[in-house]
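Read off the chains here:
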Amino acid sequence: MNNQKNIVLCGVGGQGTVLASKLLAAAAMSKDIPVMSAETIGMAQRGGSVFSHLRMGDNLYSPMIETGTADLIIGVEPGETVRMLPYLKDHGHIVVSTRAVKPVTATLSGSDYDAPQMLEYLKAAVPNLTLVNADQACADIGSSKVLNMVLLGAAIRTGVLDFTISEIEDIMKYTLPEKFHEMNLRALNYNI
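Cut-offs applied
Residues numbered from 1 in each chain as written. Predicted model: local features only at pLDDT ≥ 70, side-chain atom pairs only at ≥ 80, totals over all residues. Heavy atoms only, no water. Axes fitted to C-alpha atoms, helices over the stretch in contact; angles between N-to-C directions. Helix = DSSP H or I, 4+ residues; strand = E, 2+ residues; numbered from the N terminus. Left-handed = near helix turned anticlockwise from the far one by under 90°. Contact = heavy atoms within 4.5 Å. Buried < 20%, exposed > 50% of the residue type's maximum accessible area, 1.4 Å probe, protein only. Arc of directions from axis to C-beta. Parallel < 35°, antiparallel > 145°, perpendicular 65-115°, else oblique. Salt bridge = Lys/Arg side-chain N within 4 Å of Asp/Glu carboxyl O. Core = buried A, V, L, I, M, F, W, Y, C linked by side-chain atoms within 4.5 Å. Polar contact = N/O pair within 3.5 Å; in protein donor to acceptor, adjacent residues only side chain to side chain. Pairing = 2+ DSSP bridges.

Details of the packing of helix α6 (residues 147–157) against helix α7 (residues 165–175)
Moving on, step 1. Interhelical geometry of α6 versus α7 gives an angle of 150 degrees and a closest axis separation of 10 Å. Seen from above, α6 lies across α7 with right-handed handedness. The segment α6 lies against α7, with Met149, Leu152, Gly153, Ile156 and Arg157 engaging Ile165, Ile168 and Met172.

Structure follows, in structure tokens:
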């Protein structure tokens, strides 16, 4: 891969955003693709804002993605995805969960948080948008803890990433304890 790929993953603490980023980075390394990543974990707790910058390709000098250059945003939470929207390049893709988790920052500030409004804004602003019905996916799979893998599988199916589901499965099997393999495999392969 000679061209660079810039990916932003975002959500709130406890949703597996960092794990999804680490799986993508490991997949790149397994294919000898240079990769750099950086994570910001807000408030370092469940409910705090979390995002990862992941850059793949040649001639990388910084893990941080400039605004307007992300090829893909994987959003585990709609409001956090809207916050990361300035990073998306023209004609970039977004894969986002429809399930809202009110961030701690909104709770502490007393501000309103309207997830449907966030999703409507994304629909109007992003031509290449994949909405993932998180409640349905998690009910079908039997766990809400695999939403990150459902989104990762959906992101791979956009064709933006240079990975196959099979390659991510192999990395996941190597990374996660065996007792979590079956459920995460179902999540990666979940057809939205």
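Next, the rest of the story.
A few points about α7
Moving on, step 1. Buried within α7 are the following residues: Ile165, Ile168, Glu169, Ile171 and Met172. On an axial view of α7, the arc spanned by its buried residues comes to 165 degrees, and they lie on one face.
Moving on, step 2. Those residues of α7 that are buried are in contact with α1 (17–30), α6 and α8 (181–188).

A few points about the packing of α6 against α8
Moving on, step 1. Viewed as axis vectors pointing N to C, α6 and α8 meet at an angle of 40 degrees, and their least axial separation amounts to 7 Å. The orientation of α6 relative to α8 falls into the category oblique. Both α6 and α8 take part in a crossing whose hand is right-handed. Only Asn184, Ala187 and Leu188 of α8 make contact with α6, whose side of the interface consists of Met149, Val150, Leu152, Gly153 and Arg157.

Section: the pattern of salt bridges
Moving on, step 1. By the definition in use, this model includes seven salt bridges.
Moving on, step 2. For Glu120, the salt bridge identified is with Lys123, shortest N-O distance 3.2 Å. Residue Glu120 and its partner Lys123 are both found in helix α4 (residues 115–125); the two are separated by three residues, about one turn of the helix.
Moving on, step 3. Classification of Lys123 as partly exposed rests on a relative accessible area of 43%.
Moving on, step 4. Salt-bridge contacts for Arg186 lead to Glu182; the nearest nitrogen and oxygen are separated by 3.3 Å. Of this pair, Arg186 and Glu182 both sit in helix α8, four residues apart, roughly one helical turn.

Points about the nonpolar core
Looking at soluble globular proteins, one finds that nonpolar side chains tend to be buried together.
Moving on, step 1. Among the nonpolar cores identified, the biggest contains 40 residues, and Leu24, Ile74, Leu152 and Phe163 are the most heavily contacted of them.
Moving on, step 2. Elements that contribute at least two residues to this core include exactly β1 (5–12), α1, β3 (49–56), β4 (70–75), α5 (134–141), α6, α7 and α8.
Moving on, step 3. When residues of this core are assigned to their parent elements, the largest contribution, eight residues, is made by α6.
Moving on, step 4. Contact partners of Leu152, with chain neighbours within four places excluded, come to Ala20, Leu23, Leu24, Ile74, Ile168 and Leu188.

Re α8
Moving on, step 1. Of the residues making up α8, those classed as buried are His181, Asn184, Ala187 and Leu188. Buried residues in α8, looked at end-on, bunch into an arc of 125 degrees, giving them a common side.
Moving on, step 2. Along its buried surface, α8 packs onto α5, α6 and α7.

Digging into the side chain of Arg55
Moving on, step 1. Positionally, Arg55 belongs in strand β3.
Moving on, step 2. Engagement of the side chain of Arg55 in a polar contact is seen with the backbone oxygen of Ser62, the distance being 2.7 Å.
Moving on, step 3. Apart from the residues lying within four places of it in its own chain, the contact partners of Arg55 are Gln4, Lys5, Asn6, Pro34, Val35, Met36, Leu60, Tyr61, Ser62, Pro63, Met64 and Ile65.

Regarding the pairing of β1
Moving on, step 1. Of all eight residues in β1, eight are buried, a share of seventy percent or more.
Moving on, step 2. With burial as the criterion, each face of β1 is covered, one bearing Lys5, Ile7, Leu9 and Gly11 and the other bearing Asn6, Val8, Cys10 and Val12.
Moving on, step 3. As paired elements, β1 and β3 share eight bridges and run antiparallel to each other. In the strand pairing of β3, Val12 is matched with Ser49.
Moving on, step 4. Bridge analysis of β1 against β4 gives four bridges, and the strand direction is parallel. Paired with Leu9 across the bridge in β4 is Ile74.

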